[in-house]
Amino acid sequence: MNPSRCDRTPAWGSLQAAFDATGRTFDVRQAFAADPARFETFSQAAPHVFADLSKNRIDAETEALLLALAQQTGLAAHRDAMFAGDAINNTEQRAVMHWLLRSPPPDPAMPAQSLHIHMAEALHEVHTTLDAMLTFAEKVRTDTHITDIVNIGIGGSDLGPQMAVLALDEFVLSGKRLHFVSNVDGHELNAVLRNLKVESTLFLVASKTFTTIETMTNAQSAKTWFEVNGGTDIARHFAALTTNVAAAKAFGISTTFGFWDWVGGRYSVWSAIGLPLAIAIGAQGFKQFLAGAHAMDEHFRSAPLAHNLPVRLGLLDVWYRNFHGFSSRSVAPYHSALKRYPAYLQQLEMESNGKRVDATGAALPYGTSPVIWGEPGTNGQHAYFQMLHQGSDVVPVELVAVKTPLHALPGHHTLLLANVLAQAQALMQGQVDEGGHKHFTGNRPSTFLLLDELSPASLGALIALQEHRVFVSGAVWGINSFDQWGVELGKVLAKDVELRLKNGNDSGLDGSTAGLLARLR
Ligand code: F6P
């Protein structure tokens, strides 16, 4: 029996008692009325990100108990184990070192023994690969013959680079179009291919394993399209981003950029998987993206837990999930370029923490990952915000806003900022209406993340912040946030069903699958 499992710690019991005594009825409006310094107490500056947590259902006592929970579950030791390169992904016996991808190059002035030898070697390899990848990115950027870059990949080999390329649209070199093909649905690849020319297209086949069926199918079809349309120079028009360089070579791709098994797919945008972003924003921009993330790593690593933004956010997530029973969180970026940010966070959080067993495989009696969902504001306001304001469930909302826009259209940004502030106000303040229909209960929690501007550095910091907050809640829950066994069963069954679709054999199938198969044949 693991005595430091979160629900067996003294802090867990104290949190439950605090929730029963005051947490259940906690009213943020009253908390503001009672404490003029609430905004200062419950806001936190971190590199490139300022967070206002004050509109959440927390007080000093709750935060102190949550910090005690962090201490009693060994959060700091777990974090330090990750940064020491220990195999904390225990089910796959792998270290978790995506953070190393954004560490600056080894300092020649630093004594070599200040880094573990395996870490020093890994860092050296990271920078050798990064330099090669950035050189290639610059070559592609300045090659006027290449106008279209098609990234073929799925999950972490799609969502990270796609989200970041869209987010940093203002920094993209003109004359290059970036396309992302992830779905095995042929409509997606077809829609891209029909506008391309063989001689001006570069395909990037992005797959950590180089075995993912969707990616391999799309890559094979792209290669066939290339050859059927007269393409011969695969070396110039195809590159692979993978840990499985041998498989890429067997596929016929000789231009490859590698990474390592200690980089999880959903944490891989910092590796060769980030090549589309490096092509889009250039080597300097990509380095700023890494530097922003590194600054957040240093904050997570060294700031006292009470003033550590990923820690405060991750602990708040535990408070909401396990004591208030909130089962989802809505994310609302008030920047239209962050349109794939909610999708990116869905994989990051739900693939990491959507687990019902602890790291030893024992079933857990408490909830873990909330459902993450959302759309850019203000679009969401005109769609599902009705439910956020007046629905029967309370859904904490996480808003992201940017102080300075990168456009000069008059009026827009003030209106955008007015909306994000007003939504947070409305969620909290509510409105009294005797008739009921116009009644807003208020006291609905929101967190406000503010960036000075959306730049490569601030995006890097924001994403690293989200990675670490997921680490924090996962660590408190005692789960392995770095495997994803839950995606395997469907893959195995799809192979079987694919065969049955071809051969018509429905023996041993459940009635529903057999019935649908018959209609599809
Ligand atoms: O099936 C889930 C998953 O393994 C993700 O974790 C990963 O990001 C995605 O598939 C793609 O995997 P790969 O990069 O190996 O093609």
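Residues numbered from 1 in each chain as written. Predicted model: local features only at pLDDT ≥ 70, side-chain atom pairs only at ≥ 80, totals over all residues. Heavy atoms only, no water.

Undergrad: Would you take a moment to explain the overall build of the protein for this structure?
TA: When helices and strands are counted, the protein shows 19 helices and 11 strands. Taken along the three principal axes of its C-alpha coordinates, the protein extends 75 × 70 × 60 Å. By residue count, 52% of the 521 residues in the protein fall in the buried class. In the protein, the proportion of contacts linking residues at least 24 apart, taken out of those at least 6 apart, comes to 74%. Working note: accessible area of the protein is about 22600 Å², and carbon and sulfur atoms make up 56% of it. One way to put it: in the protein the 40 positive side-chain charges average out to a point 4 Å from where the 49 negative ones average out. (Helix = DSSP H or I, 4+ residues; strand = E, 2+ residues; numbered from the N terminus. Buried < 20%, exposed > 50% of the residue type's maximum accessible area, 1.4 Å probe, protein only. Contact = heavy atoms within 4.5 Å. Areas by Shrake-Rupley, 256 points an atom, 1.4 Å probe, with all protein chains shown as cover. Lys, Arg positive; Asp, Glu negative; His and termini not counted. Charge placed at Lys NZ, Arg CZ, Asp CG, Glu CD.)

Undergrad: Before we go on, may I ask you to explain the pairing of strand β6 (residues 238-242) in this structure?
TA: Within a regular strand, side chains alternate between the sheet's two faces. Within β6, 5 of the 5 residues are buried, leaving the element largely enclosed by the surrounding structure. Residue alternation in β6 divides its side chains into two sets, F238, A240 and T242 and A239 and L241, and both sets are buried. Here 4 bridges tie strand β5 (residues 201-206) to β6, and the two strands are oriented parallel to one another. Directly across from V205, in β6, lies its bridge partner A240. Bridge analysis of β6 against strand β7 (residues 256-258) gives 3 bridges, and the strand direction is parallel. Bridge pairing in β7 places L241 opposite F257. Following the backbone out of β6, through helix α11 (residues 245-251) and into the adjacent parallel β7, one traces a crossover that is right-handed. (Pairing = 2+ DSSP bridges. Right-handed = clockwise from strand over helix to strand, strands pointing away.)

Undergrad: Please explain the environment of V397 as it appears in this structure.
TA: Along the chain, the position of V397 falls in strand β10 (residues 397-402). What makes V397 buried here is its relative accessible area of 2%. Distance from V397 to R329, taken between C-alpha atoms, is 5.8 Å for residues 68 residues apart in sequence. Setting aside its immediate chain neighbours within four residues, V397 contacts S330, A332, L388, L427, P445, S446 and T447.

Undergrad: When you look at the packing of aromatic side chains in this model, what are you seeing that I'm missing?
TA: For any pair of aromatic rings, the description consists of the separation of the ring centres together with the inter-plane angle of the planes. For the structure shown, the criterion picks out 21 aromatic pairs. Aromatic side chains F471 and F482 sit 6.2 Å apart centroid to centroid with 45° between the ring planes, which places their arrangement in the tilted category. A residue pair is termed long-range when its members are at least 10 positions apart, and F471 in helix α17 (residues 456-477) and F482 in the loop between α17 and α18 (488-503) qualify at 11 residues. In this pair, the class of F471 matches that of F482, namely buried. Here the guanidinium or amino end of R79 rests over the ring plane of F300, the centre of that ring lying 5.9 Å away. Seen from the ring of W270, R102 lies directly overhead, with NZ or CZ sitting 4.5 Å from the centre. (Phe/Tyr/Trp six-rings, centres within 6.5 Å; stacked < 30°, edge-to-face > 60°. Lys NZ or Arg CZ within 6 Å of the ring centre and 35° of its normal.)

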